[in-house]
Amino acid sequence: MFASQSAAGLLDRISKFADTSPDRLAFVVAGPHGAKESLTFAELGASVNATAVLYSTAGVGPGDVLVVALRNSASYLSLVFGAWRRGVPVVLVSPWLPAEDRDQLLDLVAREVGRPVLADTRPHRRYDTFVPGPAGSLDFVAAPDADRSGGPAVAEDSPYLYVTSGGSTGLPKIVEYRMRFAGGSNTPYDKAGLRIGDHGRTPGSATRLICGNLFHTGNFAPSLHVLLTGSAVITMTEFDPALMCDLLRAHDVYSLGITPLHMANVLTMPDLDRSLFTGLSRVTHGAATCPGWVKRGWIDLVGPERLFEIYYSSELGGATSPVIVNGVEWLRRPGTVGKPEGALILDDEGNRVGPGVVGEVFFREAHGRAHTYVGDRELRTAGSAPGHVSVADLGWLDEDGFLFLADRTSDRMVIAGHEVRPGPVEEVISGHPDVADVAVVGLAGEDGELILHALVQPRPGAVMTVAQVLERCREALSPQEVPAVVRFTTALPRTEEGKMRRSVVRSLAGAEPTT
């Protein structure tokens, strides 16, 4: 049996609110054209129990693994909690994963975790599927080519939740996610000075609005923490800035969770009602790098003391406190993501580097071991820094220990014998007023040597030339950092959370015509 005692504790708390505050709002999912589905704690509790019964009727139980590949819906939490009620762990994956990538993840789950059972909009040939129907119904579709010989043995201490990494550089990795401190008053967020349940409102009257997908750890984990304090969670089937503003009007939202991509969409609204943001106690963002103009725009919108950037990862989940910086500190040190607890910056030989020097960021496991990947992949460690792990980010510390991020270790390239990182090149190009987005990658030329390619997305209506981009780069960058090829595109492949999918960018850079 997986770690059912921990999951049972979370479910007991939901049941407690269903008994003591049955009419209290728990979960709201808003869709386009004014569609909105709401669940009270009593309705959520009843839905969880009904879903668990449905799983039982279909023969789903210990030894199985529920793989949820759905976008946000009113039944999302019931699917997850109902599985836990049955002693079934859950894997959260993106519904937008290409079919080939999803099948690779499902096969990995089958080898390493248990027999996969899908929650998806379409049945799978090899794995049984629960397909959502109208009015929250679930149809069980048995797979015609299913292997029912049984999966691997499930260890006593196996986690009840697995999440996937962003997959920006290729196939996402599956991460064991142990929900430490869930709903408690001593969460890692508390330790970092951002107590989730502290909102100064009457319990149950406040809500947290999540502008993102629940399959993403940065949305699911905080949502669960909020729900377990007795407050409500609001989300959307897909992000729309006008819909978000409507939700702010309709609900007493104390906390807003949003990504930099969505933050930019809000700031560029033609008739933004700034008064909607005055009642927020705090706004948190993460998931991707936040451009300076977006950060400053939101500092002006909500106030520097109420805007928080959270730098974290699924792999670290609870092992170290999240790195958090508010707008006040950011204005003192533009670009910082905060002051991490016990972080080290190491060079390629594992030596510590001084302030201002870029290296790989290693975090100290201060509150237990970091999460691990499913399969044969391991977190990066360094022999010179026992008890520290890396999530493959590059960065540097200033003299006061504040962290600034550079790129991913996998993004580094050697161009003409010199190491080149895409970040500084992208920063220069994105500074042009006609550039909406940019991605820089290295592609092998005819001689096998890497050539720097820049894929540029102009702002709507802007007319740009290759010469403009190259002139800007030559003025600010070294010769090795100047792209050899510049191509234009109407859109760059970012995830719903705004992370750049560089593996896809490489394909686009090699295929797009030069303008």
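Residues numbered from 1 in each chain as written. Predicted model: local features only at pLDDT ≥ 70, side-chain atom pairs only at ≥ 80, totals over all residues. Heavy atoms only, no water.

Peer 1: An account of the sheet that holds strand β1 (residues 25-30) is requested, with residue identities and associated values reported.
Peer 2: Ordered by their spatial adjacency, eight strands build an open sheet running β2-β1-β11-β10-β12-β13-β14-β15, and the pairing between neighbours is mixed. On the outer flanks of this sheet lie β2 (36-40) and β15 (323-326), each paired with one strand and no other. Direction aside, the axes of adjacent strands within the sheet are offset by 20 degrees on average. Sheet topology note: the strand β12 (residues 253-258)/strand β13 (residues 282-285) ladder contains four bridges and is parallel. From the neighbouring strand, glycine 257 faces β13, where its bridge partner is threonine 284. Contacting β1 and β2, helix α2 (residues 41-57) crosses the sheet at an angle of about 90 degrees to β2. (Pairing = 2+ DSSP bridges. Helix = DSSP H or I, 4+ residues; strand = E, 2+ residues; numbered from the N terminus. Axes fitted to C-alpha atoms, helices over the stretch in contact; angles between N-to-C directions. Contact = heavy atoms within 4.5 Å.)

Peer 1: Pulling in residues and values, what's your account of unusual backbone geometry?
Peer 2: One non-glycine residue with positive phi stands out, namely alanine 392, at about 70 degrees. Within the fold, alanine 392 resides in the loop between β20 (388-390) and β21 (393-397). With a phi angle near 55 degrees, alanine 416 is a residue other than glycine that sits in the positive phi range. For alanine 416, the position within the fold is in the loop between β23 (413-415) and β24 (418-420). Exposure remark for alanine 416: the relative accessible area of 65% places this residue in the exposed category. (Buried < 20%, exposed > 50% of the residue type's maximum accessible area, 1.4 Å probe, protein only.)

Peer 1: For the sheet that holds strand β5 (residues 115-119), give the residues involved together with the corresponding values.
Peer 2: Strand order in this open sheet of seven strands is β7-β6-β5-β3-β4-β8-β9, and the pairing throughout is mixed. Looking at the sheet topology across the chains shown, the edges are occupied by β7 (138-141) and β9 (174-176). In this sheet, adjacent strand axes meet at a mean angle of 25 degrees when their direction is disregarded. Relative to β5, strand β3 (residues 64-68) runs parallel, the two sharing five bridges. Paired with valine 67 across the two strands is leucine 118, which belongs to β5.

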